[in-house]
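# A closer look at the structure
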Amino acid sequence: MIRFIFRRTGSLILLLIAVSFITFTLFQLGPADPASAACGQECTPERIAEARVALGMDHPFLIQYIDYMRGLVSTRMIGAPGAESTCQWPCLGKSFQTNENVSDIIARSLPYTLSMAVGALVLWTVSGVGLGLLAALRKGSATDKFIVGAASIGVSLPIPVTGLFLLLVFVNQLHLLPFTTNEINSPFGPHGPGAWVLNYFLPWVALAVLFSAAYIRVTRTNMIETFSEDFIRTARAKGLAPRTVTFKHGVRAGITPVVTMLGMDIGLLLGGAVLTEQIFSVPGLGFTAVRAAISGDLPVTMAITMLAAFFVIVANVVVDLAYAAIDPRVRLQ
């Protein structure tokens, strides 16, 4: 197990380097000119040249990339010659647009995205697996048909449609829930966990509907196959209680594909969060990433991309460990 963790940690570092290099290269090849965007409305060729020096863009591509990566592990100097400032490691640089430390921007945006992602993740996992299991246990009944029908509708609804529908019904018409406010980004803040749940409930539902529908279908199919296996019939023949057969033997064997699916979907979570944050005006990482990409703000784009890649890789490592813990037949090689 220790060798596995060390091996995956090495893979994590290599993947992060690859992601950073690809992002840096794409940004350099893109049409946006950060120097022109950073010098203000009254740009002259001289001011653009000064901005390029201040942003460090007067150096060759590889020198810029190596200097950025070096800042992740050691302190470096940033800014134009004569007006340099110290950037403590891990140095993510300063925003080309606001000259604010990127680490401060990430620290400000991350709680909003975590608040939305964690709630949506719990909601779609519990509802998807629970309803999928219920449909499998009631196979062929009206309950099964209703759940499968609802899942078919849910999986075909894009996030913008679901989000706008929820806002129209529950905020504008029924006035049952408030529109999201930027004053709440944690259940441990002064507003308390109740206000936190109410603030993010609609974004959670908008983000969870699409994923939950897919989990219902996968869970139902796997559980139906598992309940027809020989070891389930053996457990029933031994006279074990139906609850024991279902949850101790059936769910444990049938849930492993769902766990693998969960690891992959965490990677897609940021993509869904970008849309959801735009609809509900939540200033999280997705909202910030879109604005940075449009304005050509390389340091902010690089930092959010690498942070997202880090979460995806770590989530997959955790899923691999959980997979082995849930299913004894699986052994890590």
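Everything quoted here is computed from the prediction, not taken from an experiment.

## Description of unusual backbone geometry
Positive phi, normally seen in glycine, also occurs at H175, with a value near 55 degrees. Checked against the element boundaries, H175 lands in the loop between α7 (159-173) and α8 (192-227). Assessed through its relative accessible area of 60%, H175 is described here as exposed. Of note in this structure, S281 is not a glycine but carries a positive phi near 55 degrees. Structurally, the position occupied by S281 is in the loop between α11 (256-280) and α12 (285-295).

## Thoughts on the layout of surface pockets
In this structure, the largest pocket occupies an estimated 760 Å³ of space. Around the largest pocket sit 33 residues that line it, and A54, L55, G56, I78 and G79 are the ones nearest its centre. Within the residue set of the lining of the largest pocket, elements represented by two or more residues are α3 (45-54), α4 (61-71), β1 (76-78) and α13 (298-326). Top contributing element to the lining of the largest pocket by residue count: α4, with four residues. Partitioning the lining of the largest pocket into residue classes produces 18 nonpolar, ten polar and five charged.

## Side note on the nonpolar core
Counting residues in each nonpolar core, the largest one holds 38 residues, and the members touching the most others are W124, Y200 and F280. Contributing elements (two or more residues each) for this core: α5 (102-137), α7, α8 and α11. No other element matches α8, which puts 13 residues into this core. In contact with W124, not counting residues within four places along its chain, are V129, L207, A208, F211, S212, Y215, L262, D265 and L269. Counting eleven residues, the second-largest nonpolar core is a separate cluster that includes F24, F27, L72 and L298.

## Describing the UniProt feature "transmembrane region" (unreviewed entry) in the protein
Mapped onto this numbering, the UniProt entry annotates "transmembrane region" (unreviewed entry) at residues 112-134, 146-171, 197-216, 258-280 and 300-326. The straight-line gap between the two end C-alpha atoms of residues 112-134 is 33 Å; of that span, 100% is helix and 0% is strand. With 88% helix and 0% strand, the stretch residues 146-171 has end C-alpha atoms that lie 27 Å from each other.

## With respect to the environment of P203
One can find P203 in helix α8. Taking C-alpha positions, P203 is 7.7 Å from A120, a pair spaced 83 residues apart along the chain.

## A short note on the state of the cysteines
One pass over the structure, following the stated rule, counts one disulfide. Here C87 is linked by a disulfide to C91, with a sulfur-sulfur distance of 2.0 Å. Torsion about the S-S bond of the C87 and C91 cystine: about 105 degrees, corresponding to right-handed handedness. The same class applies to C87 as to C91, namely buried.

## Some details on a nonpolar patch on the surface
Together, L114, V118, V122, V126, F310, F311, V314 and V318 give the surface a local cluster of nonpolar side chains, amounting to about 650 Å² of exposed area. Breaking the nonpolar patch down by element, the ones donating at least two residues are α5 and α13. Here V126 lies in helix α5. Residue V126 is classed as exposed on the basis of its relative accessible area, which comes to 58%.

Rules of the game
- Residues numbered from 1 in each chain as written.
- Predicted model: local features only at pLDDT ≥ 70, side-chain atom pairs only at ≥ 80, totals over all residues.
- Heavy atoms only, no water.
- Helix = DSSP H or I, 4+ residues; strand = E, 2+ residues; numbered from the N terminus.
- Buried < 20%, exposed > 50% of the residue type's maximum accessible area, 1.4 Å probe, protein only.
- 1 Å grid on protein atoms, 1.4 Å probe; cavity = no way out; pocket = protein on both sides within 12 Å on 5 of 7 lines; lining within 4 Å.
- Points joined across faces, edges and corners; volume = space filled by probe spheres on them.
- Nonpolar A, V, L, I, M, F, W, Y, C, P; charged D, E, K, R; others polar.
- Core = buried A, V, L, I, M, F, W, Y, C linked by side-chain atoms within 4.5 Å.
- Contact = heavy atoms within 4.5 Å.
- UniProt positions renumbered as here; feature names shortened; annotations may be inferred.
- Disulfide = S-S within 2.5 Å.
- Patch = residues over 30% accessible without salt bridge, like charges linked within 9 Å, V, L, I, M, F, W, Y side chains within 5 Å.
- Areas by Shrake-Rupley, 256 points an atom, 1.4 Å probe, with all protein chains shown as cover.
- Salt bridge = Lys/Arg side-chain N within 4 Å of Asp/Glu carboxyl O.

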